[in-house]
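These are the residues of each chain, in order.
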Amino acid sequence: MWLPKLRELREAVKSLFSRPATTRYPFKPATIHPRFKGKPEPQDSCIGCGGCVNWCPSEAIEEINDAEGKKRQVIWHLDHCIMCGECERVCTTKDGVKMVPEFELAVFSRDDLHTVKEFDLVVCEECGEILSTRDHILWMLDSLGEKQPANLGLLNEKLKKLGIVDDASRSITFDKRDDMFVVLCPKCRHRISLYDSL
Ligand code: SF4
Ligand code: SF4
């Protein structure tokens, strides 16, 4: 009965002469472990492909497409995020989003917990179907390497990036049908190639 009391007394006396086990946070900055996983932060290398949107287990990443305005917003809702790091793990470009060691996320308005990135969309020039973001298509072209010119519509996007052509003028004008060089969705490409050219 008296033994535990003696042990407590010894601990109390010891603690009087030892350094505190707790830190002075929030009066002093917290020491963060290098592998600490805080909030996800989208990087410049994000191409807006939307892969993480479909994967996020807590549906904390939203994709808003405006096909008419040809814009896509990818929004990270940190108020829904469970900091699991899955978006970083499955990212198409491997470094489009990073888990940074920031954990002080208290704000007065939930709107301040939204991180938004905006991208240009590429849509089918025949039916208006969304293909993907321009950055995503250019990233795919770079990944394809020497096979790039195989898809002339996508090559056109590359030439736009290089400033060789713009939306108003197509400088690739071979002695062929014009529709070979526009960006089309697979359905329109199939229809035009197989039937309209007959
Ligand atoms: S860390 Fe997890 S919950 Fe948060 S946005 Fe990424 S995938 Fe979603
Ligand atoms: S590039 Fe990565 S972070 Fe950006 S939308 Fe695609 S999967 Fe998400």
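On a predicted model such as this, the values are computed, not experimentally measured, just so you know. (Residues numbered from 1 in each chain as written. Chains lettered and ligands numbered in written order. Predicted model: local features only at pLDDT ≥ 70, side-chain atom pairs only at ≥ 80, totals over all residues.)

Turning to the site of ligand 2, a few remarks are in order. Around ligand 2 lies a shell of 15 residues, among which Cys46, Gly51, Cys52, Cys91 and Gly96 are the nearest. Along the lines of polarity and charge, the residues of the shell around ligand 2 split into nine nonpolar, six polar and no charged. (Near = placed C-beta within 6 Å. Nonpolar A, V, L, I, M, F, W, Y, C, P; charged D, E, K, R; others polar.)

Moving on: the environment of Leu121. Here Leu121 lies in strand S5 (residues 114–123). Given 20 C-beta atoms within 10 Å, Leu121 falls into the buried group. For Leu121 and His136, which are 15 residues apart along the polypeptide, the C-alpha to C-alpha distance reads 9.2 Å. Those residues in contact with Leu121 that sit more than four places away from it in its chain are Asn65, Ala67, Lys70, Lys71, Arg72, Ile130 and Thr133. (Helix = DSSP H or I, 4+ residues; strand = E, 2+ residues; numbered from the N terminus. Buried ≥ 20, exposed ≤ 12 C-beta atoms within 10 Å, placed from the backbone. Contact = placed C-beta atoms within 7 Å.)

Strand order in the open sheet formed by four strands is S2-S3-S5-S6, and the pairing between neighbours is antiparallel. With partners counted over all chains shown, the strands left at the sheet margins are strand S2 (61–66) and strand S6 (130–133), one partner each. Each strand of the sheet is rotated relative to its neighbour by a mean of 30°, with strand direction disregarded. Relative to strand S3 (residues 71–77), S2 is paired through six bridges, and the arrangement is antiparallel. Bridge pairing links Ile61 to Trp76 in S3. Relative to the sheet, helix H4 (residues 134–144) contacts S5 and S6, its axis offset from that of S6 by approximately 80°. (Pairing = 2+ DSSP bridges. Axes fitted to C-alpha atoms, helices over the stretch in contact; angles between N-to-C directions.)

The next point concerns the site of ligand 1. Taken together, 14 residues surround ligand 1, and among them Cys56, Cys81, Cys84, Glu86 and Cys87 come closest. Its residues placed into classes, the shell around ligand 1 shows eleven nonpolar, two polar and one charged.

Across a regular strand the side chains alternate sides, sitting on one face of the sheet and then on the other. Because side chains alternate across S3, one face comprises the buried residues Arg72, Val74 and Trp76, and the other comprises Lys71, Gln73, Ile75 and His77, none of which is buried. In textbook terms, the turn of a hairpin is the stretch between consecutive antiparallel strands, and for S2 and S3 this stretch comprises four residues, one of which, Lys70, has a positive phi near 55°.

Below, the discussion takes up H4. Along H4, the positions that sit buried rather than exposed are Arg134, Asp135, His136 and Ile137. Immediately beyond the C-terminal end of H4, within one or two residues, lies Gly145, with a positive phi of roughly 60°.

On to the confidence of the model for the protein. Averaged over all residues, the pLDDT of the protein equals 84, while 84% of them reach at least 70. Confidence drops under pLDDT 50 across residues 171–175; counting only partners more than four residues distant or on other chains, this segment forms six contacts. (pLDDT = per-residue confidence, 0-100.)

Here we come to the environment of Val182. In this structure, Val182 sits in the loop between helix H5 (152–161) and helix H6 (186–196). Note on Val182: 17 C-beta atoms within 10 Å, which makes it partly exposed. Once the C-alpha coordinates of Val182 and Cys124 are considered, the two residues, 58 residues apart in sequence, prove to be 8.3 Å apart.

With an omega dihedral of 10°, the bond running from Tyr25 to Pro26 counts as a cis peptide bond. On the secondary structure map, Pro26 appears in the loop between helix H1 (2–16) and strand S1 (40–42). With a phi angle near 55°, Met83 is a residue other than glycine that sits in the positive phi range. Structurally, Met83 can be placed in the loop between S3 and helix H3 (86–90). Taking the number of C-beta atoms within 10 Å as the measure of exposure, Met83 has 16 and is therefore partly exposed. Backbone geometry at Lys94 places phi at a positive 75°, although glycine is not the residue there. By secondary structure assignment, the location of Lys94 is in the loop between H3 and strand S4 (97–99). Taking the C-beta count within 10 Å as the criterion, Lys94 has 10 such neighbours and is therefore assigned exposed.

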